[in-house]
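The lines below spell out each chain.
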Amino acid sequence: MEIRNIPICWFDVNGGALYGKNELESAVKSCGADFCNIPHWTAQADCRSFTVVAGTCKDRRIQILLEENNINYHTRPESVFCQWCRTQNGDVLLLAGSDDTGLMYLLLDVARKVRTYGISTLCELKSYLESPDNQVRCMDRYLVGHLDNEWFLSERFWDYYLSRLAYNRFNRFCLILGFDTAYMAPPYPFFLTVKGFEQVKALKLTAEQCSDNLKALRQIGKMCHERGILFTLATWQQRPWTSEQDRLVGGLPEEEKALSEYCYAGLKALIQAVPEIDIVQFRVNHESGVGTQISAEDFWNHCTDAVAEVADETGRPLILDLRAKGLTDSMIKYAFSKGLQVEVPTKFWCEHAALPYHLSVMRSEEIAQLDNFNHSRRYSYADMLRKPKYFDVFYRLWNYGSTNLFLWGDPDYAQRFAQSCGLSGSIGYEVNAPLSLKYGHELSHREHWDTFADASLRSGEWEDERFWMWYIVFGRLGYNRNADPEIWNSEFLHRFGEAGNVLEKALVTASRIVPLVTTIHMPVHPSLRYWTELSTGWALFVENNLDKPQDYDMFREITYGSTEPSDQGLFYGIDEYASDSVSNKFSGKYSPIQTSQWLLDLAQETENGLAQAERKIVDSQNPEYLAMITDLTMLIRFARYHAFKMRAALALAFWKHTRKDRWLSDSAVLLDQAVEQWKLLSDLGSEKYHQDLNFSSAGSKSRRGTWADRMCELEADQKTMYDLLQNNHIDRDTKISMDYKPNESATVLADFPEYAQSGNDLKISAYIQGIQSLKNVPVLHYRHVDQTEGLFHTMLMEWDGNRYTAAIPAEYITPDWDLMVYVTVQGESGECSVFPGVYHPVYPYPYHVITVKETRKEKCDE
């Protein structure tokens, strides 16, 4: 059927839905067709065609249409209803949302399909309903220096960028000011002059430039609202907290009480001047530069006063986000006392993107300082999921610490991450934009540069356009974990033709490499000191930590082998594993032998995908294709480097324990293999990437340079290794003598309930398949969803003739906390089986979360 003139009823389209309406109309016109507006579907008399009806479920006319077709509807925010309905006048394609934002999402998706497949897609749409799995789906961008004005002051950029967020169903945008940079620290004088504090000025800005900044801020908020996006303004440093930052604000009060008065007045004036701000986010930890003369509580409570007063005076429903690091319970209560809606965002996994589940245990440094909220509440949910709670918790993925530069896009990761962000009633997530902190902090800003030195790899007007897959999977799968893969499949086919499918699989596989390395190997925790993509992971010998941070001795004393995994609950450190192996006493964790093999498998699978793509690609000079194969090739080298170096460090550790020559010889061979891979990685990086990839924040010395800069450390390790061989009269072999592949391990299965009743024992059953000769029987691991408790409790499971069982005692199961459980079996060779385990096909996390329901006692009449 030829479609040219399509009858449509638009019912009360407002807010973000207007943007969706314009996009759909534009898509239809681009296909040579058009809409014909009619007042009601009964005005269409031609039963041979169909009518489109668009509006929200708040409209009674749409409710009637749904009811007459026996379609249940609801008013859950941002929901989508695409339904074919029968009427006396023929078929009606109903495009509806529970609200304007939900309607916008549907209209944008239909517009995308029309542009991709043509106008006939309107006839081929299937009925479906979608509702958001996560209430909060937020994108973060950092404004760290004047070179960022290339996008901050560009309306063209915001039109592109916020449209991308809307199409991918992000419903919040957060602009972060003053993060470890003197630029906009504090932000207020960069936008306006505060009454009573006229002496406080941004030193390098004119009044006109400040006015331009304010106009830009308002324009961003306006454009957010036009696309159904809430605008969050985050303020961090109220004055620079490190010595590496020159102050860029003159006249700022030195005495902290006076500074508090200025920041209160400045924040209030800024919120009043920008009515488009919906949410104000405070970063209340010690890195805000306050809390030395007066308490951080007093300082930030006064800033809370500013938010509350604007909300009261204007009637604006402002939300206050209080970042968990450094946050005290009394600060939350104070915000409640001011009548504010409070949310608590916290980090998902330290300052990095590791595997897509919450840290199984708190890191040792944090667990040792539970009374210091700048430590105990800095890297995950800590103790903030106790029930009941009267504030919402959501999670911030600091992916710039890990996956900030290379292409990334793994739908399975995004699904698991999205589900984990609902842990114990949590409401969602915020993620950092790729290429965050480009150019470094303000004092590093000199001139513009492209991340790719090779111009043949550049595509699009804006550098981050190439990360379209990243935005799709985090946005669409964050909204609906079961989103149709067609959404991204079609993009790969459109961009790469027949090679699209294999390139997609190769990207998915390669995207698992950096998160895995981050999980099993984190020499230091702050993102300003450890950027996984650009780090060797530290030297094999401590004396060769030549370019490591000098300000903390503990960082220099770390070696590749002594490094803790960032999740030390589920993964062995290298030296730790060697020690337990020699003593023949294992702790139920994945071994370095297992994880190094995972990396090698990921590298090989990615390499196979690239080989297939090379045979299928039509336009081999497509810049996006060239950029993708560059990144994936570098990730292959990166994975093999870490796999070989892990094994080199393990062999070295075994040599230290046993003094057997073969271990040191193996370590030397494996180290050479690792260095060879890094050399290949650095050569390609030097050819394709900018030579000073400066993504530093103030105080950072390791977030800049390139891979070739790290070769001196690896060469020093090689020299130390050769000297060690010579001094111990060991001949270096050309091949390794030991087998570093994991042995076959048993498969463990378990029955986990979804719910438990408080005050009752909870029985868990497990089964073992495969190898029956086991060093240990299955072990049940369990703990409250409270990381401050530390390690999981463990219990040996007992064989009852049919299965292994264990019961979590009733007194441990309380209504205050949900439960986390998993089962391990460690074989005699040291390989560990974990159920559910990493990337289980059914369970989203390597542990299972059991919702605990309170057992209510009936009251009896006396």
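Residues numbered from 1 in each chain as written. Predicted model: local features only at pLDDT ≥ 70, side-chain atom pairs only at ≥ 80, totals over all residues. Heavy atoms only, no water.

## Description of the sheet that holds strand 1 (residues 5-10)
Hydrogen bonds along the backbone pair up the strands of a sheet, which may run parallel or antiparallel. Within the open sheet, the six strands sit side by side as 2-1-3-5-4-6. Their pairing is mixed. The open sheet has two edge strands with one neighbour each: strand 2 (34-37) and strand 6 (128-130). Averaged over all pairs of adjacent strands, the angle between their axes in this sheet comes to 30°, without regard to strand direction. In this structure, strand 1 lies alongside strand 2, joined through four bridges in parallel fashion. Along strand 2, the bridge assignment pairs Ile-6 with Phe-35. Packed on one face of the sheet, helix 3 (residues 100-117) meets strand 1, strand 3 (50-56), strand 4 (80-87), strand 5 (90-97) and strand 6 and runs near 125° to strand 5. (Pairing = 2+ DSSP bridges. Helix = DSSP H or I, 4+ residues; strand = E, 2+ residues; numbered from the N terminus. Axes fitted to C-alpha atoms, helices over the stretch in contact; angles between N-to-C directions. Contact = heavy atoms within 4.5 Å.)

## Here's the deal with helix 15 (residues 486-496)
Among the residues of helix 15, Glu-486, Ile-487, Trp-488, Ser-490, Phe-492 and Phe-496 are the ones counted as buried. In the core, the buried residues of helix 15 are packed alongside helix 3, helix 13 (411-420), helix 14 (468-479), helix 16 (500-510) and helix 21 (623-658). Once helix 15 ends, the next one or two residues include Gly-497, with phi positive near 60°. (Buried < 20%, exposed > 50% of the residue type's maximum accessible area, 1.4 Å probe, protein only.)

## Here's the deal with the side chain of Ser-765
As for its placement among the helices and strands, Ser-765 is situated in strand 19 (residues 762-769). For Ser-765, a relative accessible area of 6% corresponds to the buried category. In contact with Ser-765, other than residues within four places in its own chain, are Leu-749, Ala-750, Asp-751, Met-797, Arg-803, Tyr-804 and Thr-805.

## Quick word on the confidence of the model for the protein
For the protein, per-residue confidence averages 94 on the pLDDT scale, and 97% of positions sit at 70 or higher. A low-confidence stretch, residues 858-862 stays under pLDDT 50, and its non-local contacts, those more than four residues away or across chains, total zero contacts. (pLDDT = per-residue confidence, 0-100.)

## What about the packing of helix 21 against helix 22 (residues 661-688)?
Helix 22 packs onto helix 21 with a crossing angle of 160° between their chain directions and a minimal axis gap of 7 Å. The orientation of helix 21 relative to helix 22 falls into the category roughly antiparallel. Note on packing geometry: the crossing formed by helix 21 with helix 22 is left-handed. Looking at the contact of helix 21 with helix 22 residue by residue, the class counts come to 18 nonpolar, seven polar and six charged. (Parallel < 35°, antiparallel > 145°, perpendicular 65-115°, else oblique. Left-handed = near helix turned anticlockwise from the far one by under 90°. Nonpolar A, V, L, I, M, F, W, Y, C, P; charged D, E, K, R; others polar.)

## Structural notes on the pattern of salt bridges
All chains considered together, the criterion is met by 54 salt bridges. Here Arg-481 ties to Asp-133 by a salt bridge, and the two come within 3.9 Å at their closest N and O atoms. Of this pair, Arg-481 sits in the loop between helix 14 and helix 15 while Asp-133 sits in the loop between strand 6 and strand 7 (136-143); the two residues are 348 residues apart in sequence, bridging distant segments of the chain. Looking at Arg-481, the relative accessible area reads 24%, which means it is partly exposed. Across the pair Lys-645 and Glu-713 runs a salt bridge, and its minimum N-O distance is 3.8 Å. Here Lys-645 is found in helix 21, whereas its partner Glu-713 is found in helix 23 (residues 711-727), with 68 residues between them in sequence. Glu-713 carries the same exposure label as Lys-645, and that label is buried. Each of the salt bridges in this network shares a partner with another, and the network as a whole consists of Asp-109, Arg-112, Lys-113, Arg-476 and Glu-486. (Salt bridge = Lys/Arg side-chain N within 4 Å of Asp/Glu carboxyl O.)

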